[in-house]
Amino acid sequence: MVYTIYNGVLTGNWLIFFLVLFSILTVASVIWFILYIEMSQRRNWKLTLLIVIITSLITAFEIQLILLQIGVII
């Protein structure tokens, strides 16, 4: 048997797939946030807070994937 080092799940094509997926989700969530703030007639603080949390979490995960792609996070 040959011993190979485990590189993790997010390597190669899976990393690129998730990077593209979360890039699309990041753009969509930022557009959703901007349109909700600008266009909504019946804004409430609960939904606004939920949108802010979802947008920030998706953006943070996207930044982590970018850092993983360039090799900053090992």
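For the structure itself, consult the block above.
The structure contained in this document is the topic of the report that follows. (Residues numbered from 1 in each chain as written. Predicted model: local features only at pLDDT ≥ 70, side-chain atom pairs only at ≥ 80, totals over all residues. Heavy atoms only, no water.)

### As for the overall build of the chain
And step 1. From N to C terminus, the chain includes two helices and zero strands.
And step 2. Look at the contacts in the chain between residues 6 or more apart in sequence, and 59% of them connect residues 24 or more apart.
And step 3. As displayed, the chain has an accessible area near 6,200 Å², and 73% of this comes from carbon and sulfur atoms. (Helix = DSSP H or I, 4+ residues; strand = E, 2+ residues; numbered from the N terminus. Contact = heavy atoms within 4.5 Å. Areas by Shrake-Rupley, 256 points an atom, 1.4 Å probe, with all protein chains shown as cover.)

### Topic: helix 1 (residues 13–39)
And step 1. Helix length check: helix 1 (27 residues) gives 38 Å between terminal C-alpha atoms against 39 Å at 1.5 Å per residue, within 8%.
And step 2. Residues Leu15, Leu19, Phe22, Thr26, Ser29 and Tyr36 constitute the buried set of helix 1.
And step 3. Check the buried side of helix 1 and you find it contacts helix 2 (45–70). (Expected span 1.5 Å × (residues − 1). Buried < 20%, exposed > 50% of the residue type's maximum accessible area, 1.4 Å probe, protein only.)

### Some thoughts on the environment of Ile58
And step 1. Structurally, Ile58 is set in helix 2.
And step 2. Sequence separation of Ile58 and Leu25 is 33 residues, and the distance between their C-alpha atoms is 7.1 Å.
And step 3. For Ile58, the contacting residues outside a window of four places in its chain are Phe22, Leu25, Thr26 and Ser29.

### Some words on the packing of aromatic side chains
And step 1. Inspection of the entire model under this criterion finds four aromatic pairs.
And step 2. Plain terms: the ring middles of Trp14 and Phe17 are 6.0 Å apart, the flat faces sit at 85 degrees to each other, and that makes the pair edge-to-face. Linking Trp14 with Phe17, this pair stays in helix 1, spanning three residues, or about one helical turn.
And step 3. Of the residues examined, Phe17 reaches a relative accessible area of 44% and is grouped as partly exposed.
And step 4. Put simply, the rings of Trp14, Phe17 and Phe18 pair up and form one aromatic cluster. (Phe/Tyr/Trp six-rings, centres within 6.5 Å; stacked < 30°, edge-to-face > 60°.)

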